[in-house]
Amino acid sequence: MFKSIRWKLSILYFVLVFIAMAIVGIFITDRLEDYNLDIVRQNLVSISNNTIRSIIPDSSLPDAKDSIQDSIDMITLPIGYSISIVDSLDYSIIASSNDSFTGKNSLDVLDRKVIMSSLTQKSYELDIVDPSPGSSMVKIMAFSFINDANGGGYIIYSSASLEGVYASLNTVTDVFLTATLIALFVSLLVGFLISGSITTPINELNAKASLIAKGDFSQRVTNHSNDEIGMLGNTFNYLTKRLDNTLVEISSEKSKLDAIINNMADGLMALDEHGFIVLYNKALLKLLKARDIDIYGSSVHDMSLQTGVGISFSAIKKCIFDDNSNQLIINAGDEKILRVSPAYYSDDAKKQTGFILVFQDITDAQRLENMRKDFVANVSHELKTPITTIKSYAETLSSGIVTEPETVSEFLMVIENEADRMTSIVRDLLQLSHFDFKKAQWNFEHNSINDIIRECIEHLKIYYIEKNQTVNFTTTNNPNILVDKAKIKQVILNILSNAIKYTPEFGNVDISVDTVDNFVDIYIRDDGLGIPEEDLEQIFERFYRVDKGRSRQQGGTGLGLSIARDIVIAHGGKLKASSEINKGSIFKISLPVDKSVANPNKDGLNV
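Below or above, wherever it landed, is the structure these notes cover. (Residues numbered from 1 in each chain as written. Predicted model: local features only at pLDDT ≥ 70, side-chain atom pairs only at ≥ 80, totals over all residues. Heavy atoms only, no water.)

## Notes on the overall build of the protein
Test applied: Where helices and strands are cited, they refer to DSSP runs of H or I of at least four residues and of E of at least two residues respectively, numbered from the N terminus. Type-normalised accessible area, obtained with a 1.4 Å probe on protein chains alone, sets the label of each residue: buried when under 20%, exposed when over 50%, and partly exposed for intermediate values. Contacts: residue pairs with any heavy atoms within 4.5 Å of one another.
Each helix and strand in the protein was counted, giving 18 helices and 18 strands. Counting over 607 residues, the protein shows a buried share of 36%. Considering only contacts within the protein whose residues lie at least 6 apart along the sequence, 59% involve residues at least 24 apart.

## Considering the packing of helix H15 (residues 485-501) against helix H18 (residues 560-570)
Convention followed: Here an axis means a line fitted to C-alpha atoms, over the contact stretch when the element is a helix, while the angle between two N-to-C directions is reported on a 0 to 180 degree scale. Left-handed describes a crossing whose near helix is turned anticlockwise from the far helix by less than a right angle; the clockwise case is right-handed. As a working rule, the residues Ala, Val, Leu, Ile, Met, Phe, Trp, Tyr, Cys and Pro are called nonpolar, Asp, Glu, Lys and Arg charged, and the rest polar, with Gly in that last group.
Running from amino to carboxyl end, H15 crosses H18 at an angle of 145°, the nearest separation of the two axes being 9 Å. Taken as a pair, H15 and H18 cross one another with a handedness that is left-handed. Contact residues: H15 offers Lys-487, Ile-488, Gln-490, Val-491, Asn-494, Ile-495 and Asn-498, while H18 offers Gly-560, Leu-561, Ile-563, Ala-564, Ile-567 and Val-568. In the contact of H15 with H18, the residues fall into 8 nonpolar, 4 polar and 1 charged.

## A closer look at the pattern of salt bridges
Where charged atoms from two side chains of opposite charge come close, those side chains can pair. In plain terms, the rule: Here a salt bridge means any side-chain nitrogen of Lys or Arg lying within 4 Å of a carboxyl oxygen belonging to Asp or Glu.
Scanning the model with the defined rule gives 13 salt bridges in all. Among the salt bridges present, the one from Arg-41 reaches Asp-38, with a minimum N-O distance of 2.9 Å. Within this pair, Arg-41 and its partner Asp-38 are both found in helix H1 (residues 5-55), separated by 3 residues, close to a single helical turn. With relative accessibility at 31%, the residue Asp-38 sits in the partly exposed group. Because the salt bridges share partners, they merge into one network encompassing Asp-38, Arg-41, Glu-125, Asp-127 and Lys-139.

## Notes on the environment of Asp-127
The following threshold applies: Distance and chemistry together define a polar contact, namely a pair of N or O atoms within 3.5 Å, with one atom able to donate a hydrogen and the other to accept it when in protein, and with adjacent residues in sequence counting only for side-chain atoms on both sides.
Looking at the element boundaries, Asp-127 is found in strand S3 (residues 123-129). Exposure remark for Asp-127: the relative accessible area of 33% places this residue in the partly exposed category. Sequence separation of Asp-127 and Ala-160 is 33 residues, and the distance between their C-alpha atoms is 9.6 Å. Contacts of Asp-127, omitting those with residues within four sequence positions, involve Met-137, Val-138, Lys-139 and Leu-162. Of the polar contacts made by the side chain of Asp-127, one reaches the side chain of Lys-139; its length is 2.9 Å.

## Comments concerning the sheet that holds strand S9 (residues 337-346)
To keep things clear, this is the line we draw: Strands are labelled as partners when DSSP assigns at least two bridges between them.
Spatial strand order, S7-S6-S10-S9-S8: 5 strands in an open sheet with antiparallel pairing. Lying at the two open borders of the sheet, with one neighbouring strand each, are strand S7 (277-280) and strand S8 (328-331). Going from strand to strand, the sheet's axes swing by 30° on average, the running direction of each strand aside. Relative to strand S10 (residues 352-361), strand S6 (residues 267-272) runs antiparallel, the two sharing 6 bridges. Across the sheet, residue Leu-271 finds its bridge partner in S10, namely Phe-355.

## Topic: the side chain of Asp-566
For Asp-566, the position within the fold is in helix H18. Overall, the relative accessible area of 18% leaves Asp-566 in the buried class. Once residues within four sequence positions are removed from consideration, Asp-566 is found in contact with Leu-432, Phe-435 and Arg-542.

Everything listed here is a matter of coordinates, which is why it stays silent on function.
Okay, here's the thing in structure tokens:
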């Protein structure tokens, strides 16, 4: 109830009247109090300086105290007033309107502070609470004078009760509070009635606006005045008419836009500024193989999880605002590659309000492009060195400059080695191509993994003996697993030959076999140069070399580990590597076990 404008205006009137009455009341009571206290003060000054002083003789005060007392008794004082005459030499009370004070020491029965202060300041005034039970405030004034007869002096100590003053003030305050309550009630009533003339048209506008919000644009308000409320009503009617016409135009444009979007060959998606999907077409559903429930109203993140499309809202914004390409290449499952062209749209105030994404299927084009780039970049790079070497040596031989048989033989040997290297690169490329296009031939048979490892060690014996190295092979069992023997042998030979190549003379290479969780784990450890941590994730990429110069010198093509990984994955296994610089590397080959033919037989070999 109190949240309505009507009550707020009424309370505003109430508060304003209350503040005004409070200010006036405080001012009047304060001024009235000052006025009454000033009258009491003037009375005390008049009685002390005129009436009392005139009855004090110039003779010795103690000698004239009886006559002074008689004179004071004859004076009629206002109710609540009291007069005492104090000898300033011994502070004794010479005479007093209060008979109980006469003859006593003033410092005992009167206010000591007032007595002592009047001697130094000639006059002194103080308002205190009367210590008598049930008493109220008392105003005290003291005046000190010098007696010319004997050089002494006296003090006229006068006091007046302020009970009457504050009683009258309380009466005035009660009257004013009563008047304030009446005024507040009237102001609340008047404010409620006046605010009704403002809130009634506003409530009507609100009701009409609610109907318009529900789609009834025929609503109009009736104006009852020509003031600001009436102008608001006219503006509301004009706005309703314009809104009705605008919605008709928007509906027509929307129909055209829907027809265009739904007949596009490319997928289209619109996002709001927070990354939630607000629009999409049928081509997008077909492209992503998605359903309406997977996309409608969801965020880009949720849509990506539902459809398997690798795209994020942050990547879209980065592509628009940070990158220069303005395109994203993403995978959409089933080896489908999509090109996403994002852009943002804004309102009339140039404020960004959302994003538009166009999806195009470039799977075939991307595959061809990647193949072309990889082949041109990698093959040309790898073949450049041997071709250059062969060409330079062949030109030297053909020029006839070299005639010594030994030199000619050396040149021919170099040409032959480089030709063999080119042949190795081409052979590896063909094998990777077969893996890529699922054309590789496999011959799976049950084989003893220990026998395969021993054959590999024997095959490379000449190389590690030449470097005075030791190859150690240990195993806890002798499992028979279903593998393509030639290809697994190729994997082990590749990793083992790398270990021998990059292990210094008199080094050690350790091979061990263990069975864990239905997998045969083959570990090949060396104490060679090691692989930098930043290169570990990339050593299985095609043509990647940690030390390109050294690899080429030792005959590497950069394809061996990539081929090895593809072979292991085709067997349902994993190939991992770990390494420390100058401490060596560990390669782990994990292959699934065929338990039905496993032979848990301890076997060990040191070579």
